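# Fold and geometry: a report
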Amino acid sequence: MQNKGLVRLFAILFALVSIYQLSFTFVANKVEGAAEEYAFNKISDQEEDYVAKREAVESRYLDSLQNQKVFDLGFTDFTLKEVKEKELNKGLDLKGGINVTLQVSVKDILKGLANDSKDPIFNKALDQADEASKNSQDDYVDLFFQEFTKLSSGTTKLASPDIFANKLLSDDINFQMTDAQVQPVIRRKIDESITSAFEVLRQRIDKFGVTSPNIQRLGTSGRILVELPGAKDVDRVKNLLQSTAQLEFWETYKAEEVNSFMIAANNKLIDILEVNDTTAQEEEETTSEIDSLLSDAIQDSVDIASQVNPLYDLMVSGGMQGSPIIARVAIKDTAKFDQYVNMPEIRQLLPANLQYAVFAWGVAPKDSQVLELYALKGNRENQPNMSGDVITDAQQTYDMAGRPAVSMQMNNRGAKIWEELTGKAFREGGNIAIVLDNVVYSAPGVSSGPIGGGNSEISGDFSLNEANDLANVLRAGKLPASADIIQSAVVGPSLGQEAIDSGMFSFLVAMILVLIWMITYYGRAGLFADVALVLNIVLIFGILAGLGAVLTLPGIAGIVLTIGMSVDANVIIFERIKEELRAGKGQAQAIADGFGNALSSILDANITTGLTAIVLLMFGSGPVQGFATTLIIGILTSLFTAIFVTRLMIERNYSKSKKNFTFTTFITEKLPKNLNINFLGKRKIAYIVSSILLLVSIASLATKGLEGGVDFVGGRSYQVRFVDPVNPTQIGEELSDALGSTEVKTFGDANQVKITTKYKVDVEGSEVDDEIQEILYNNLAKYLPEGFTYSDFTIGANSSQIGILSAVKVGPTIADDIKKDAVWAVLGSLLVIFLYILLRFRKWQFSLGAVAALVHDVVIVLGIFSLTSHLMPFSMEVDQSFIAAILTVVGYSINDTVIIFDRIREETQKRGWRGSAIVNSALNSTINRSLNTSLTTLVVLMAIFIFGGESLRGFMFAMIVGITVGTYSSLMIATPIMFDSTKDKGEDKTVDA
């Protein structure tokens, strides 16, 4: 090998740089551990809301060290902030945290661009686009344009002054433009709005205090992915992400101005409800004459007290003279109260001065179940006196009573309006309601004259975190449209730690087994391969840290799989050297030729596996992309360490000792050599066996199907742990009564279950999430420890590792998209492999054999999953991770096949095409390599399967089955099909078994 010095220098520098990159991770983990311990000692488990308080203490501890030197290398030092920027990021499944996919409402954007048009065709087109979007993969804006075209029939244009040819879009759209000319303008405006939403969310998240947040815009669909590793307060995160920050300032009515309407509304409701309640009238008619006489005697004195008052009965108390609060109502009754006051018959009772009144509730207090009701002074356009777009800055401060508040600074226009508004309120003794997202945070009066300079303050019953978040939201600006969570995954920190422990343990077990195997099988050469393998792992982690990539549990699985694939390259080389030695070549020449002749096979095998990993990276998301990233990096580092580092050590050792360098041990040197098996002669038996397996698999898939995970069917899934073992069937029956059809399965140990439900899967918003968690708690409370509260039960709320450990939600629309991407990923990988082999071997027969074997492998793996899904004691759901396993099997199977094809090509170039003799010779000469690599990889996968945690078992089972079937198909399906599809069979010199 030439340039040995350069290779040695590069390997050493590469290793040192990787260790340097990883050192930041060790320091960051140490500091974070100290912060967590400090918060744990500072806040007791007995304190109310202790999880959020600990998170706040931990955050303040780390904030105080941001600019402190925490890592001194002698020649330079680093602050905690610099260390955190360079550490290896851990994903949600390893650190806990929150992952959500937000769908920015394109409908809201369209309505905004049309200036809330009242045009009936426009609004009907929006409604019909809503319905069409439930069963279509087209973009919402395309569906809207289609529906508008159907409804308008050319009579109404998008460029109508009542739709898009308004003041807002006057620079872009005029009345003369056709619909075809307007559509690209609207698409551009929507794209700009989604970009704006992305920037607003990014600014909010940057100030949230989570280390290594990740926010990505997903294509042009209006979807935004947000990952917050380490975040524990789920409600806080959801409120931060979904709040549109629609800040408004409204004048308010006094309670006495609304009282006459409330009385009239109450009386009208009595009439309405009495007309509807005939049963009550019939019961009153049966009252005895004596009872009637007695009641008449005291009627005048108790008439008001005894009468049923639909509106007033819902009030805890009415409004006070001079107060902007017109009523106080229990939270549970607010929906009914809203229904009453917004009935058309009731709205008609509003006097002229209250005609456009807007009723709004106050912010929910922490220690009360009562909300305050305000009446805002509306107008024909339903526009506030001033909106939040005038806010230029917002900071968390404290009010006069020392409570957390938010101070705001306005621009010049806002300052002028604010001065006029506060001046009017001062003169008239009025109040100004500060409304955020339709909730009144406060409605202060003005006691000291007009307020100039544009300064104002929002006060209320805030916690410190809420005040910080509100200031952050106002500072970042409002979202241009609502953003609904259509997919979410929440992992508790305790589950994340368990994933780290199980993942790293499986990693170490796999490493040790492979290291021992290589030394046992190849002796001193195996030891050098082990050194290269350890270097390979260091390089992978170092590159991940240097790239700022996120390490996930499937990522660890990808690294562990890389161990097996790294060994594969060395096995190919060592087996080839042994062949050269048996051919009578000298030691030095055999080593040189072994490395040289193996290079083509190694490159072809790794390129095809790399292509499937690239397909995974393109079509996968989240953990799947993490798996693909580590796999791609592992392939590249494996090539470097196997081809260069291993050779460098072997040649250096041989040149120094000048002794025979064996590639066997006393155990393996007795294994049979020069196998002479007639593989092609047995292909008919293989065809029959495979046909039976395929028919059974297809029949099972057609009748039983596959068990779709939440990723593919939509719904919500919760991982819940109890103290003692539970009966999943019994829990399922109990929950089905409350949630409809609900699936409950044991997940891992007998005290842990996975609950999957489609209850209100079409409904967006955190309210449904809260509702389902409350239903789960109420039904499962009897299985929980005594005194275990609802707040203890929710995700990440306690350190006892009991209750909900993780939650996943996938909306039906995104589930359809995930399925579509999965199908394209599988088909795309098959097409890419077909084309690569066609290009590499220049014969379509090779491509046909390879792809036929891959289809064979995929169908059988799917069939086995279908047949055994209800028999296995672990989850056999088909989800994104399963698709990752299928594509990895595809890559691994093609790896084996390419090695064989490469040997066939080499033998043909040396001896000419001699049909079955060449094919059998190639299969026999590569059988040791195929079996050795497959067994090594299976050992690695079994280690992950046994020790890697419940969430990886289905994933690993698919890969174990796939690699077993793939090894068989490479030998007995791919090569025979290639041979049978070749017209020129050559000289039929078969080799007897």
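Going by the structure above, here's the rest.
Residues numbered from 1 in each chain as written. Predicted model: local features only at pLDDT ≥ 70, side-chain atom pairs only at ≥ 80, totals over all residues. Heavy atoms only, no water.

## Remarks on the overall build of the protein chain
Each helix and strand in the protein chain was counted, giving 31 helices and 23 strands. Out of the 993 residues in the protein chain, the part that is buried amounts to 52%. For the protein chain, contacts bridging at least 24 residues in sequence account for 73% of all contacts bridging at least 6. Carbon and sulfur atoms make up 56% of the accessible area of the protein chain, which amounts to about 44,800 Å² in all. (Helix = DSSP H or I, 4+ residues; strand = E, 2+ residues; numbered from the N terminus. Buried < 20%, exposed > 50% of the residue type's maximum accessible area, 1.4 Å probe, protein only. Contact = heavy atoms within 4.5 Å. Areas by Shrake-Rupley, 256 points an atom, 1.4 Å probe, with all protein chains shown as cover.)

## Quick word on the environment of Gln 752
Mapping Gln 752 onto the fold places it in strand β22 (residues 752–757). On the basis of relative accessibility, which here comes to 7%, the residue Gln 752 falls in the buried class. A C-alpha to C-alpha distance of 7.3 Å links Gln 752 and Gln 719, two positions 33 residues apart in sequence. With residues up to four places along the chain from it excluded, the contact list for Gln 752 reads Gln 719, Val 720, Arg 721, Lys 745, Thr 746, Phe 747 and Leu 805.

## Re the sheet that holds strand β10 (residues 358–361)
With respect to topology, four strands assemble into an open sheet ordered β8-β9-β11-β10, the strand pairing being antiparallel. The sheet terminates laterally at β8 (315–318) and β10, the two strands that pair on one side only. Within this sheet the neighbouring strands show an average axis-to-axis angle of 25 degrees, counted without direction. In this sheet, strand β11 (residues 370–376) lies alongside β10 in antiparallel orientation, the contact comprising four bridges. What sits directly across from Ala 360, in β11, is Tyr 374. Strands in contact with helix α13 (residues 334–341) are β8, β9 (325–330), β10 and β11; relative to β10, the strand with the most contacts, it is inclined by about 175 degrees. (Pairing = 2+ DSSP bridges. Axes fitted to C-alpha atoms, helices over the stretch in contact; angles between N-to-C directions.)

## What to know about empty space enclosed by the protein
Overall, the coordinates contain six cavities of 30 Å³ or more when judged by the stated rule. Approximately 110 Å³ is the volume attributed to the largest cavity. Together, Ile 572, Glu 575, Arg 576, Glu 579, Asn 597, Ala 598, Ser 601, Ile 899, Arg 903, Ser 925, Thr 926 and Arg 929 line the largest cavity. Every element with two or more residues in the lining of the largest cavity is listed here: α19 (553–582), α20 (587–619), α29 (880–911) and α30 (916–947). Element by element, the count of residues in the lining of the largest cavity is highest for α19, at four residues. Taken together, the residues that form the lining of the largest cavity break down as three nonpolar, four polar and five charged. (1 Å grid on protein atoms, 1.4 Å probe; cavity = no way out; pocket = protein on both sides within 12 Å on 5 of 7 lines; lining within 4 Å. Points joined across faces, edges and corners; volume = space filled by probe spheres on them. Nonpolar A, V, L, I, M, F, W, Y, C, P; charged D, E, K, R; others polar.)

## Notes on the pairing of strand β13 (residues 391–398)
In the sheet, β13 pairs with strand β14 (residues 404–410) via seven bridges, with the strands oriented antiparallel. When the sheet's bridge partners are listed, Ala 394 is paired in β14 with Met 408. Turn length for the β13-β14 hairpin, with the two strands adjacent in sequence and antiparallel, is five residues, and the turn residue Gly 402 shows positive phi of about 80 degrees.

## A look at the packing of α20 against α29
Two elements in contact, α20 and α29, have axes separated by 8 Å at closest approach and are oriented at 160 degrees. Judged on the interaxial angle alone, α29 and α20 are roughly antiparallel. In this structure, α20 meets α29 at a crossing whose hand is right-handed. For the pair α20 and α29, contact is made by Ser 600, Ser 601, Asp 604, Ala 605, Thr 608, Thr 609, Thr 612, Val 615 and Leu 616 and by Ala 884, Leu 887, Thr 888, Val 890, Gly 891, Ile 894, Asn 895, Val 898, Ile 899, Asp 902 and Arg 905, respectively. For the contact of α20 with α29, the residue count by class is nine nonpolar, eight polar and three charged. (Parallel < 35°, antiparallel > 145°, perpendicular 65-115°, else oblique. Left-handed = near helix turned anticlockwise from the far one by under 90°.)

## Here's the deal with the sheet that holds strand β16 (residues 439–442)
With antiparallel pairing, four strands are arranged side by side in an open sheet as β12-β7-β15-β16. Of all the strands in the sheet, just β12 (386–387) and β16 have a single pairing partner and so form its edges. Note that strand β7 (residues 247–251) and β12 share two bridges and pair antiparallel. Bridge assignment links Phe 249 to a residue of β12, and that residue is Met 386.

## Let's talk about helix α31 (residues 953–980)
In this model, α31 (28 residues) spans 38 Å end to end at C-alpha, consistent with the 40 Å of a helix rising 1.5 Å per residue. Along its length, α31 shows its largest kink, about 50 degrees, at Ser 969. With 23 of its 28 residues buried, α31 lies for the most part within the structure. (Expected span 1.5 Å × (residues − 1). Bend = angle between axes of the 7 residues up to and from the residue.)

## Structural notes on the environment of Asn 412
Along the chain, the position of Asn 412 falls in helix α15 (residues 412–428). Taking the C-alpha atoms as reference points, Asn 412 and Gly 453, separated by 41 residues in sequence, lie 8.2 Å from one another.

## Considerations on the nonpolar core
Core analysis: the biggest nonpolar cluster contains 116 residues, and Phe 574, Ile 837 and Ile 904 have the highest contact counts within it. Counting residues per element, this core draws most heavily on α31, at 15 residues. Setting aside anything within four residues of it in sequence, one finds Ile 904 in contact with Phe 846, Trp 913, Ile 918, Val 919, Ala 922, Thr 975 and Met 978. Val 104, Ile 205, Ile 215 and Ala 483 belong to the second-largest nonpolar core, a separate cluster that totals 46 residues. (Core = buried A, V, L, I, M, F, W, Y, C linked by side-chain atoms within 4.5 Å.)

## Notes on the packing of aromatic side chains
This structure, assessed with the given rule, holds 23 aromatic pairs. Measuring from centroid to centroid gives 5.4 Å for Phe 24 and Phe 71, while their planes differ by 90 degrees, and the two rings are edge-to-face. With Phe 24 in helix α1 (residues 4–42) and Phe 71 in strand β1 (residues 69–72), this residue pair connects regions lying 47 residues apart in the sequence. In this structure an aromatic cluster arises from ring pairing among Phe 122, Phe 144, Phe 145, Phe 148 and Phe 164. Positioned over the ring face of Phe 24 is Lys 86, at 5.7 Å from the centre of the ring. (Phe/Tyr/Trp six-rings, centres within 6.5 Å; stacked < 30°, edge-to-face > 60°. Lys NZ or Arg CZ within 6 Å of the ring centre and 35° of its normal.)

## Considering the side chain of Arg 905
In this structure, Arg 905 sits in helix α29. Residue classification places Arg 905 among the buried residues on the basis of a relative accessible area of 19%. Here Ser 600 takes part through its side chain, which lies 3.3 Å from a polar atom of the side chain of Arg 905. Leaving out residues up to four positions away in the same chain, Arg 905 has contacts with Ser 600, Asp 604, Arg 840 and Phe 841. (Polar contact = N/O pair within 3.5 Å; in protein donor to acceptor, adjacent residues only side chain to side chain.)

## Considerations on a nonpolar patch on the surface
On the surface, a cluster of nonpolar side chains totalling about 490 Å² of accessible area is made up of Leu 6, Leu 9, Ile 12, Leu 13 and Leu 16. If you trace the backbone, Ile 12 turns up in helix α1. (Patch = residues over 30% accessible without salt bridge, like charges linked within 9 Å, V, L, I, M, F, W, Y side chains within 5 Å. Salt bridge = Lys/Arg side-chain N within 4 Å of Asp/Glu carboxyl O.)

## A short note on the pairing of β22
With six of six residues buried, β22 is to be regarded as a mostly interior element. Burial along β22 is two-sided: Gln 752, Lys 754 and Thr 756 and Val 753, Ile 755 and Thr 757, pointing in opposite directions, are all buried. In this sheet, β22 lies alongside strand β20 (residues 715–721) in antiparallel orientation, the contact comprising six bridges. Residue pairing for β22: Arg 716 is matched across the bridge by Thr 757. In this sheet, β22 lies alongside strand β21 (residues 742–746) in antiparallel orientation, the contact comprising five bridges. Residue pairing in the sheet places Thr 746 in a bridge with Val 753 of β22.

## Regarding the pattern of salt bridges
Within the structure shown, the criterion is met by 22 salt bridges. Between Lys 150 and Glu 147 there is a salt bridge, with its nearest N and O atoms 3.7 Å apart. With Lys 150 and Glu 147 both in helix α7 (residues 140–152) and three residues apart, this pair spans about one turn of that helix. Notably, a salt bridge pairs Glu 372 with Arg 328, separated by 3.7 Å at the nearest N-O pair. Here Arg 328 lies in strand β9 and Glu 372 lies in strand β11, a separation of 44 residues in the sequence. A residue is classified by how much of its surface remains accessible, and Glu 372, at 27% relative accessible area, is partly exposed. One salt-bridge network, held together by shared partners, links Arg 576, Glu 580, Lys 585, Asp 593 and Glu 906.

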